[in-house]
Amino acid sequence: MATSVQRTSQLTMADLKGKADPDWCPGCGDFGVLAALQKALVELRIPNHNIVTISGIGCSSNLPGYVNTYGMHTLHGRALAVATGLKLANHELTILVTGGDGDGFGIGGNHFVHSMRRNVDLLYIVMDNQIYGLTTGQTSPTSRVGMKTKSMPFGNIEAPVNPISLALAAGATFIARGFSGEQKHLTELIKQGIEHRGFSFLDVFSPCVTYNHDNTYQWFRPRVKKLEDDPAYDPADWTAAMERSLLWGEEIPIGKFFERTDVPTLHGAEPVLNEGPLVHRDLRVPPDVARSFIEELM
Amino acid sequence: MKQTFAIGIGGAAGQGVATPGDIFAKIFSRRGLNLNAYNAYQSIIRGGHTFLTIRTGPEKVTNMGDRIDLLIPLNQDSMDRHLNLLTAGASCIYNADTIKPGSAADGVQLCPLPVSELADITRNKIAQNTLAIGAGLHMMAVGFPALEEVLREQFKKKGDAVIAENVGVARAGYDYAAAHFTAFAKPLPKTDNRYAIVSGNTAMAMGGAAAGVKFYCAYPMSPSTGVLHWMAAHARKAGIMVRQVEDEIGVINMAIGAAHSGVRAMCATSGGGFALMSEGLGMSAMIETPVVVIDCQRAGPSTGVPTKTEQGDLWQMLGAAFGDYPRIIAAPLDIGDCFKLIPEIFNLADRFQCPGLVLCDLLLSEGRLSVHPNDLDFSPPIDRGELITTANGASSAAPTNGGYKRYKITESGISPRAVPGLPGYVHTAATDEHQEDGVLISDEFTNPIKRRAMMEKRMRKVAGIEAAVPPPVLSGPPNADVTLIGWGSTSGVIEEACELLNEQGISANQLQIRWLVPLHGEAILEILRGSRHTIIIENNYSGQFARYLRSETSFVPSGHIRKYDGEPFMPHHIVDAVKEQLAGNTKLSVPMHEIMV
């Protein structure tokens, strides 16, 4: 993220344990995402008071309460908008946004697209379980065609959104996919996403053990193939990334699809922030400037 | 009666109604005169009919008044619509080449300008406008140098040739009037005062800058967009981050995100955008992050009448977002107040850590008023409330590590507020119900005792807010025949209606409401107990304020005056309605707006 990110001398997993314990179902993929996030933060040694974890609403959006950083548990679908405002007001903070596929691609789809084209400097982790869990099992924007849920008991007839292709088209500058069952790999992707300057999007397969009986750990394990294992794959190649993003079936790529570092971040492109974060500024308009504002009207 | 002079300029959008308006306004202002300008227009960029009224005078001019002294129709349509409304003493200046006058009332002077003889219309497309300005100013006994000075500024960027051309055309109009038209009975007065000419939107934006707003975001929506335009144009000078967002849901959430960092954040919209913001207002109250939201009302429902004024959003604002939560709602009384109110409401929102809502309307947002520069105070009192920052001791925060309670239960309901980035105060702010340390109650166990305590903590702020806001006061003679009750932008027109009634032997006083929440119902009842006849005046169909006042106090007024045709009240609408109600003819008057725009 920012070049001037402060590092603390020591940070342990215990330091990052939140005030509450997760209330996710036993076996939920989100446990793996939380653990990988905490491991990544320990390794990056960013002081926890300089991190804000922001979520929307849903099972996975309860995550901010389980990690000992500043946190915001906002409204359904709105985490990215809140995060953008917070980052622009204090760009020295490291911003993590977490949530689910319904939160991010359904109700929050508008903010998702616009945050990416703006290249807001944050890491957005979507715990993608292809189902609505907290509302007890309805079709989500990433549910496959044919999937039977309480809201579509005769099978989903709508094509799912492809989060990776969408992110590529919308202009995200770091795009990756992880799997909750691949801890080391996921931790590495989170670290890279935090260190990337710009909008980092990380879609994580995080199986719902209660409501999604199609996309289970057992279903994912033989299918996921790491892009990092393919020496020919170049994450700087947008067209190649778009091609790989369309793969779905017997082989599903995970890993870093795409990264570019030549696009200015939103806060970096805004000259108003040249003098440092807004939050540290004097509230008063200088008297000569105030006078000039009034004189314009006379 | 106050001495005022009003000019009406009518034409199609794109014909250049605004520029003569700006020129007149500058000249009046530089003569030390007050002015009030209101532009009735349509939601089209080219064509249609717009009508700009500029009323000026040596004393405060609070509204557009009842009378046009000088009509300048720029096309036949404007002539046809407005000429028959002129009365004795008025004049109408028009292009004799293209416009035919209808029949005017006795004592109205028709002033045809032979435009193609006086100017080269193949070169100068706006010659008729410039000629009319010159002619009009001669008839008001304003010296030509005042016009020349303004034209030089107006065309500065276009070079000397264009300046000379336009000054020449203006001079031709000025001289033609001297030779052919009768001047107005009273020359335009002059004083030593100097005023700024401010729209309500500019005033609210500047008020935000004065309040220390560092983050402003918006989605364009008439009639609020002027706030965004001022903010965007002055952002770099004022050190304000200004963003145009994808929708109003994004706007309110982005503003709250910025506010959560500790900066003052503001946004403005109209009723439709405000509807989208509702859920966000509940979040502001629940996570106790203050934000200021302006609703510039236009005529609804739905897309409604986008360029017309109304006071129809009161109940939307009273009921915005589900659940009970503390909120502050204020309606500015005039354009000067649009400036003054913003720092005041920020102080309250900061102190009580809840949303501060401003209920403005198109009449003020897009109207213009002369405001004394001293009333645009960029050093207002600033009170951030119980905000913990590095500046006030957070650096010695280490001992509080782990013990800080963001939502500490206090007698006032206010909990000291730490912002992200401070060591020792790490916590999560949640829209789920939470306990004192921020942990979600629903994540731990369902706990009615904690829920009740937290609800009562937040709602205790309501009493504090009420104590922090002054009750309304009655203005005008005590023991009057009639008390006129209004809220927000009707302040000026009701004030003038009272003056006219008093001149006509009907003693009238006024109770104007600025703070809608808290309302101070007891104080209002106390005032109204002494009134003989009470009439509530508002710019909406159902009497939204009347219903609100009744719901809070059980008070039922003697009568109502309402208007919901999109145009603002004119003083005579109120005067005539008061008379018919005092005569016992009706309890509900809905004045007809004579000029159909």
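These numbers were taken from a predicted model, which means no experiment stands behind them.

Chemist: Teacher, can you tell me more about the overall build of chain B here?
Modeler: Scanning chain B from N- to C-terminus turns up 20 helices and 24 strands. Taken against the 2.2 N^0.38 rule, which gives 25 Å for 597 residues, the C-alpha radius of gyration of chain B at 27 Å falls within 12% of a compact globule. Each principal axis of the C-alpha atoms in chain B carries an extent, and together these give about 85 × 60 × 40 Å. Looking at chain B alone, contacts between residues at least 24 apart form 73% of all its contacts between residues at least 6 apart.

Chemist: I tried to follow the overall build of chain A on my own but got confused; where do I start?
Modeler: Across its full length, chain A holds 10 helices and eight strands. On C-alpha atoms alone, chain A measures out to a radius of gyration of 20 Å, which is about the 19 Å that the 2.2 N^0.38 rule sets for 298 residues. For chain A, the proportion of its 298 residues judged to be buried stands at 51%.

Chemist: Honestly, the packing of helix H4 (residues 127-139) of chain B against helix H6 (residues 160-180) of chain B in this entry has me stumped. Any pointers?
Modeler: Two quantities define a packed helix pair, namely the angle between the axes and the distance from one axis to the other. Residue and element names in this part refer to chain B. Relative to each other, H4 and H6 sit at 45°, their axes nearing to 7 Å. Judged by the inter-axis angle, H4 sits oblique to H6. Classified by chirality, the crossing of H6 by H4 is right-handed. Note on element contacts: H6 touches H4 through Asn166, Val169, Ala170, Arg171, Ala172, Gly173, Tyr174, Tyr176, Ala177 and Ala178, opposite Ala127, Thr130, Leu131, Ala132, Ile133, Gly134, Ala135, Leu137, His138 and Met139.

Chemist: I tried to follow the interface of chain A and chain B on my own but got confused; where do I start?
Modeler: For an interface, size is often stated in terms of accessible area lost upon the parts coming together. Facing 48 residues of chain A, the contacting portion of chain B comprises 58 residues. For the side of chain A that touches chain B, the elements supplying multiple residues, two or more each, are strand E2 (70-73), helix H2 (79-89), helix H4 (109-118) and helix H10 (287-295) of chain A. Residue composition of the side of chain A that touches chain B, by class: 25 nonpolar, 16 polar and seven charged. By the bridge criterion, three bridges tie E2(A) to strand E17 (residues 428-430) of chain B in an arrangement that is parallel. Each bridged residue has a counterpart across the sheet, and for Met72(A) the counterpart in E17(B) is Ala429(B).

Chemist: Any chance you could explain the sheet that holds strand E3 (residues 94-100) of chain A here in plain terms?
Modeler: Through backbone hydrogen bonds, the strands of a sheet pair up, either in parallel or in antiparallel fashion. Spatially, nine strands are ordered E7(A)-E8(A)-E5(A)-E6(A)-E4(A)-E3(A)-E1(A)-E2(A)-E17(B) in an open sheet, and the strand pairing comes out mixed. A single partner strand is all that each edge strand has here, and the edge strands are strand E7 (224-226) of chain A together with E17 of chain B. Taken over all neighbouring pairs, the strand axes of this sheet differ in orientation by 20° on average, direction set aside. With three bridges connecting them, E7(A) and strand E8 (residues 252-259) of chain A associate as parallel partners. Each bridged residue has a counterpart across the sheet, and for Val224(A) the counterpart in E8(A) is Ile252(A). Contacts between helix H5 (residues 163-170) of chain A and the sheet are confined to strand E4 (122-128), strand E5 (174-179), strand E6 (199-205) and E8 of chain A, with E5(A) contributing the most and set at about 170° to the helix.

Chemist: Explain the nonpolar core here, please?
Modeler: Soluble globular proteins tend to bury their nonpolar side chains together. Grouped together as the largest cluster of nonpolar side chains are 246 residues, with contacts concentrated most on Ile175(A), Phe215(B) and Ala255(B). Here this core gets 10 residues from one element, more than from any other, and that element is helix H12 (residues 335-352) of chain B. Core analysis: the next-biggest nonpolar cluster, separate from the first, contains seven residues, Trp24(A), Ile131(A), Tyr132(A) and Cys208(A) among them.

Chemist: Hey, could you run me through helix H1 (residues 29-44) of chain A in this one?
Modeler: Each turn of an α-helix holds 3.6 residues, which means side chains three or four residues apart point in the same direction. Residues and elements named next belong to chain A. Helix length check: H1, at 16 residues, gives a terminal C-alpha distance of 23 Å against a target of 22 Å (1.5 Å per residue), a fit within 8%. When H1 is considered as a whole, its buried residues turn out to be Gly29, Asp30, Gly32, Val33, Leu34, Ala36, Leu37, Gln38, Ala40 and Leu41. Elements in contact with the buried residues of H1: strand E1 (51-55), E4, helix H6 (183-195) and E6. Note on H1: the residue one or two positions beyond its end, arginine 45, has a positive phi of about 55°.

Chemist: Which parts of the structure should I look at to understand the sheet that holds strand E4 (residues 70-73) of chain B?
Modeler: Residues and elements named next belong to chain B. An order of E6-E5-E4-E1-E3-E2-E14-E7 is seen for the eight strands of this open sheet, with the pairing classed as mixed. Because the sheet does not close on itself, it has two edges, and the strands there are strand E6 (109-113) and strand E7 (196-199). Strand-to-strand twist across the sheet, computed as the mean angle between neighbouring axes with direction ignored, equals 20°. Alignment of strand E1 (residues 5-13) against strand E3 (residues 47-57), held across eight bridges, turns out to be antiparallel.

Chemist: Teacher, can you tell me more about the packing of H2(A) against helix H9 (residues 248-260) of chain B here?
Modeler: It is the contact of H2(A) with H9(B), at a shortest axis distance of 6 Å, that shows an interaxial angle of 40°. Relative to H9(B), the element H2(A) lies oblique. Two packed elements cross with a definite hand, and for H2(A) against H9(B) that hand is right-handed. Residues Ala81(A), Val82(A), Ala83(A), Thr84(A), Gly85(A), Leu86(A), Leu88(A) and Ala89(A) of H2(A) form the contact with H9(B), whose own contacting residues are Gly250(B), Asn253(B), Met254(B), Ala255(B), Ile256(B), Gly257(B), Ala258(B) and His260(B). A per-class count over the contact of H2(A) with H9(B) returns 10 nonpolar, six polar and no charged.

Chemist: Explain the environment of Lys148(A) to me, please; I cannot follow it from the model alone.
Modeler: All names here are of chain A. Along the chain, lysine 148 turns up in the loop between E4 and H5. Put simply, lysine 148 and aspartate 214 are 66 residues apart on the chain and 9.3 Å apart in space, counted from C-alpha to C-alpha. Among residues more than four places away in sequence, those in contact with lysine 148 are Pro153 and Gly155.

Chemist: So what exactly am I meant to see when it comes to the pairing of strand E20 (residues 508-513) of chain B here?
Modeler: Along any regular strand the residues' side chains alternate between the sheet's two faces. Residues and elements named next belong to chain B. Along E20, six of the six residues are buried, which leaves the element largely enclosed by surrounding structure. Here E20 shows a buried face lined by Ala508, Gln510 and Gln512 and a second buried face lined by Asn509, Leu511 and Ile513. Two elements, strand E18 (residues 474-475) and E20, share two bridges in a ladder whose sense is antiparallel. Bridging from a neighbouring strand, serine 475 pairs with glutamine 510 of E20. Note that strand E19 (residues 482-487) and E20 share six bridges and pair parallel. By the bridge assignment for E20, tryptophan 487 is matched with isoleucine 513. Tracing the backbone out of E19, into helix H17 (residues 491-503) and back to the parallel element E20 gives a crossover that is right-handed.

Chemist: Honestly, the domain arrangement of chain B in this entry has me stumped. Any pointers?
Modeler: Each assigned domain of chain B is listed here: domain 1 (5-180), domain 2 (197-375), domain 3 (387-466) and domain 4 (474-589). Distance from the C-alpha centre of domain 3 of chain B to the C-alpha centre of domain 4 of chain B: 43 Å.

Chemist: Sorry, what's going on with unusual backbone geometry here?
Modeler: Trans is the prevailing form of peptide bonds, just as negative phi is the prevailing case for residues other than glycine. For the peptide bond that leads from Ser222(B) to Pro223(B), omega is 0°, which places it in the cis range. As for its position among the elements, Pro223(B) is in the loop between strand E8 (213-218) and helix H8 (225-238). With omega at 5°, the peptide bond leading from Val517(B) into Pro518(B) counts as cis. Tracing the backbone shows Pro518(B) in the loop between strand E21 (515-517) and helix H18 (521-529). Despite not being glycine, Asn119(A) has its phi angle at roughly 55°, a positive value. Inspection of the secondary structure assignment puts Asn119(A) in the loop between H4 and E4. Judged by local crowding, Asn119(A) falls into the buried class, with 22 C-beta atoms found within 10 Å. Unlike most non-glycine residues, Ala321(B) shows phi in positive territory, near 75°. Its 18 C-beta neighbours within 10 Å are what place Ala321(B) among the partly exposed residues.

Reading the values: rules and limits
- Residues numbered from 1 in each chain as written.
- Chains lettered and ligands numbered in written order.
- Predicted model: local features only at pLDDT ≥ 70, side-chain atom pairs only at ≥ 80, totals over all residues.
- Helix = DSSP H or I, 4+ residues; strand = E, 2+ residues; numbered from the N terminus.
- Rg over C-alpha atoms; globule rule 2.2 N^0.38 Å.
- Contact = placed C-beta atoms within 7 Å.
- Buried ≥ 20, exposed ≤ 12 C-beta atoms within 10 Å, placed from the backbone.
- Axes fitted to C-alpha atoms, helices over the stretch in contact; angles between N-to-C directions.
- Parallel < 35°, antiparallel > 145°, perpendicular 65-115°, else oblique.
- Left-handed = near helix turned anticlockwise from the far one by under 90°.
- Nonpolar A, V, L, I, M, F, W, Y, C, P; charged D, E, K, R; others polar.
- Pairing = 2+ DSSP bridges.
- Core = buried A, V, L, I, M, F, W, Y, C linked by C-beta atoms within 7 Å.
- Expected span 1.5 Å × (residues − 1).
- Right-handed = clockwise from strand over helix to strand, strands pointing away.
- Domains from an automatic or database assignment.

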